Amino acid sequence: MTENMPPIDVVPHDHNTPILSIAKQLFFGRIDPAITPYPRPSLEEKERTDLFCHKLRQFCEAHIDPQEIDRESKIPANVIEGLGKLGLLGMTIPQNYGGLGMSLTAYCKALEVVSQRCGSTSAFLTAHQSIGFKALLLFGTPEQKEKWLPRIATGEIVASFALTEPNVGSDANAVETFAEYDAAKNVFYITGKKQWITNGSFAKIFTVMAKTDVDTGQGVKQRVTAFIVTPDMPGFKITTPALDKFGIRGVQSTSLEFDRMEVPAENILGKIGEGLKVALTVLNYGRITIGAGCAGPAKILVDHTFKYARERHQFNQPLSNFGLVKNKLSTLAALAYAIDAVTYFTAGKVDHGQKDFMLEAAIVKVFSTEALWKMIFETMQIFGGKAMFNDKPYQLLMRDCRPGMIVEGSNEVMNLFISMNGIKEVGVHLKQMLQSTKSFWESKDQVRENWKYLFNLFWPSNLELYSPYLQKEAESLTQTTACLGESVLKLLWRYGDLLVQKQQDLERISLAAIHIYVTAAVLSKMDSDLERAHDKIDLIGCDLETTKFFCRYSLKKARQILKDLFDPLDKVSESLADHLIADL
């Protein structure tokens, strides 16, 4: 496996200063001390965000009817217009371009408010702002930004992100849409099809991914390039305005076709041939905001379920008296707390300057969508038959949350993405250690420093928290993280280059890493809250107990997952599937 990995330059480095992201360090078996303090916005920003969210909540309650939106399969124009007037549609656009210039954390807070009211409207916002114009914001030239961002900020025009194709889903590098360059006119002729494009029927600006011929220095190769496209360009066609679907029905999922659509070369976003970088960077932001879209309904489910379990009586006692229901209630509260903690932990780190957060974003997306799905399942079990009827919101929540485990990279693909990228870092550093050994006599001092740094990187770290109330959980987290690092080394040793084929073990590594990262975020949040409360636990309420429960719940799952590595049943399962497919 390491033979195909790119070489890296390892230089002496203070091991207390992270060169790898928090999530990537987990695969080495260590916790980055940077998990504390928990990132929080300034008081000024918090007050501004709270005021904005208060106005937004009032608007949502007055103007957004989720049942009508689901029934009519459309978000009313007055809702989109109203959100634009509030400034929500340009919330993250800098003020000099007409936006509010607010942070990712603030935007996530706003998404949480909307998601508590309507899943479709939340999905519309994500498609528009989280990914729709994000490429323009991050990679656009000053001229491109000046041309488009002011009108996007006011809601005059809606944005969309066009990546998915009939034959292309999670593999962004496999797009078949092609852009042919005409040097004489300095334009590209784009031909291809896109499907399931959210907001596609009425968006006025699209970020479109297409293959282009690129001179790589090793011959001409086809590489993905990102383009700004508008629906008034000749050759742009909407083939299906709104595909019917079972969840988030209010957002328009559109099929597009490009027939030699003429796009000026000046509409390239970023550099030619670097569209994959553009797409993946945009999706990293989108995946974090998916967590915010899950945090909203998660808190609603906790409120509704606890109230019902206390008031509903069976066998002459409230449901909340029964052990099985108690376990469900505790799990619901813990998962809601964890979704919130990991979403704002990750968003806050980005706001504070963290550059590499691709694994963190994927973890937020996988954990929050899976946790919310479990929460809806348990809520419906507690409500029983009542949950199936339209006078309760749970069947709509179930339908609206299910696409979260598929969009922006299915959770199965995300698990492989997390594990392979985390393990790759370990493999690269192991390879560097071997290379250093071979060249020991050429530069003994340099090699000695490199080995010292690498030894520190692989050496388990101790997690130091402010509060003594969390020391037991911190020790358990450190030990479980060390187990993850050991397991990664065992996988590399046992499988080598064949590891990429061992998808069930790769998924286990990812799931363990997810549990550990989320637990770290939960501990960081509670430690910060305790510090602010000067360890007066009566000011914390039940959150401390909830944190402790989640840590035991989550780390127990992580340890069990790691114990299941190298399960002989994996081979039996894959063999059975092969035989069943062969018999069709």
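The present account deals with the structure reproduced in this document. (Residues numbered from 1 in each chain as written. Predicted model: local features only at pLDDT ≥ 70, side-chain atom pairs only at ≥ 80, totals over all residues. Heavy atoms only, no water.)

The next thing to look at is the overall build of the chain. Helix and strand content of the chain: 18 helices and 10 strands. For a compact globule of 584 residues, the expected C-alpha radius of gyration is about 25 Å, and the chain comes in at 25 Å, within 12% of that figure. Considering only C-alpha atoms, the chain reaches an extent of 80 × 65 × 60 Å along its principal axes. Here the chain, with 584 residues, has 53% of them falling under the buried criterion. When contacts within the chain are restricted to residue pairs at least 6 apart in sequence, those whose partners lie at least 24 apart make up 78%. When the accessible surface of the chain is summed, it comes to about 27,200 Å², and 54% of that surface belongs to carbon and sulfur atoms. (Helix = DSSP H or I, 4+ residues; strand = E, 2+ residues; numbered from the N terminus. Rg over C-alpha atoms; globule rule 2.2 N^0.38 Å. Buried < 20%, exposed > 50% of the residue type's maximum accessible area, 1.4 Å probe, protein only. Contact = heavy atoms within 4.5 Å. Areas by Shrake-Rupley, 256 points an atom, 1.4 Å probe, with all protein chains shown as cover.)

Two numbers describe a pair of aromatic rings. These are the distance of the centres and the angle of the planes. According to the stated counting rule, one finds 15 aromatic pairs in the structure shown. Note on F188 and F227: the rings are 5.2 Å apart at their centroids and 65 degrees apart in plane angle, and the pair reads as edge-to-face. In this pair, F188 sits in strand 3 (residues 187–198) while F227 sits in strand 5 (residues 220–229), placing the two residues 39 residues apart along the sequence. The same class applies to F188 and to F227, which are both buried. Between Y308 and F383 the ring centres are 4.1 Å apart and the planes differ by 15 degrees, which places this aromatic pair in the stacked class. In this pair, Y308 sits in helix 9 (residues 275–311) while F383 sits in helix 11 (residues 358–383), placing the two residues 75 residues apart along the sequence. Taking the relative accessible area as the measure of exposure, Y308 reaches 12% and is therefore buried. Site record: aromatic cluster; members linked through ring pairs are F367, F549, F550 and Y553. Above the plane of the ring of W373 lies R402, whose end atom (NZ or CZ) is 5.5 Å from the centre. (Phe/Tyr/Trp six-rings, centres within 6.5 Å; stacked < 30°, edge-to-face > 60°. Lys NZ or Arg CZ within 6 Å of the ring centre and 35° of its normal.)

There is a patch of like positive charges on the surface, built from K472, R552, K556, K557, R559 and K563. At five residues, helix 17 (residues 543–563) tops the list of elements feeding residues into the positive patch. Structurally, R552 is set in helix 17. (Patch = residues over 30% accessible without salt bridge, like charges linked within 9 Å, V, L, I, M, F, W, Y side chains within 5 Å. Salt bridge = Lys/Arg side-chain N within 4 Å of Asp/Glu carboxyl O. Lys, Arg positive; Asp, Glu negative; His and termini not counted. Charge placed at Lys NZ, Arg CZ, Asp CG, Glu CD.)

The next subject is the side chain of T369. Tracing the chain through its elements places T369 in helix 11. A relative accessible area of 2% means that T369 is categorised as buried. Polar contacts involving the side chain of T369 include one to the main-chain carbonyl oxygen of V366, which spans 3.2 Å. What T369 contacts, discounting residues up to four positions off in sequence, is I290, C294, G404, M405 and N411. (Polar contact = N/O pair within 3.5 Å; in protein donor to acceptor, adjacent residues only side chain to side chain.)

Where helix 10 (residues 323–351) contacts helix 17, the two axes come as close as 9 Å, and the packing angle between them is 95 degrees. Relative to helix 17, the element helix 10 lies roughly perpendicular. Counted together, S330, T331, A333, A334, L335, Y337 and A338 of helix 10 and D543, T546, T547, F549, F550 and Y553 of helix 17 form the full contact between these two elements. Grouping the constituent residues of the contact of helix 10 with helix 17 by class yields eight nonpolar, four polar and one charged. (Axes fitted to C-alpha atoms, helices over the stretch in contact; angles between N-to-C directions. Parallel < 35°, antiparallel > 145°, perpendicular 65-115°, else oblique. Nonpolar A, V, L, I, M, F, W, Y, C, P; charged D, E, K, R; others polar.)

On to the pairing of strand 4 (residues 205–215). Counting buried residues in strand 4 gives nine out of 11 residues, a clear majority hidden from the surface. One ladder, built from four bridges, connects strand 1 (residues 159–162) with strand 4; its direction is parallel. Within strand 4, the position partnered with F161 by the bridge is T207. Two strands pair when backbone bridges link them, and strand 4 and strand 5 are joined in this way by 10 bridges, in the antiparallel orientation. When the sheet's bridge partners are listed, T212 is paired in strand 5 with R223. If you look at the hairpin formed by strand 4 and strand 5, you'll find four residues sitting between the two strands, and G217 has a positive phi there, around 90 degrees. (Pairing = 2+ DSSP bridges.)

Another point: the side chain of T478. Mapped onto the fold, T478 is located in helix 15 (residues 471–495). Overall, T478 belongs to the buried group, its relative accessible area being 13%. Not counting the four nearest positions on each side in its chain, T478 is found in contact with S461 and L463.

The α-helix winds at 3.6 residues per turn, so residues separated by three or four positions along the chain end up facing the same way. Taking 1.5 Å of rise per residue, the 21 residues of helix 2 (residues 43–63) would be expected to cover 30 Å, and the 30 Å separating its terminal C-alpha atoms lies within 8% of that figure. Within helix 2, the full set of buried residues consists of T49, F52, C53, L56, F59 and C60. Along the long axis of helix 2, the arc covered by the buried residues comes to 120 degrees, so they all point the same way. Counted as exposed and oriented over 90 degrees from the buried face of helix 2: L43, E44, E61 and A62. (Expected span 1.5 Å × (residues − 1). Arc of directions from axis to C-beta.)

Positionally, K548 belongs in helix 17. A relative accessible area of 26% places K548 in the partly exposed class. When the C-alpha atoms of K548 and L523 are compared, they prove to be 8.6 Å apart, with 25 residues separating the residues in sequence.

Considering the arrangement of structural elements, one finds K237 in strand 6 (residues 236–240). Distance in space between the C-alpha atoms of K237 and F258 is 6.2 Å, their sequence separation being 21 residues. The contacts of K237, once residues within four sequence positions are left out, are S255, L256 and E257.

So yeah, pure geometry; function would need other evidence.
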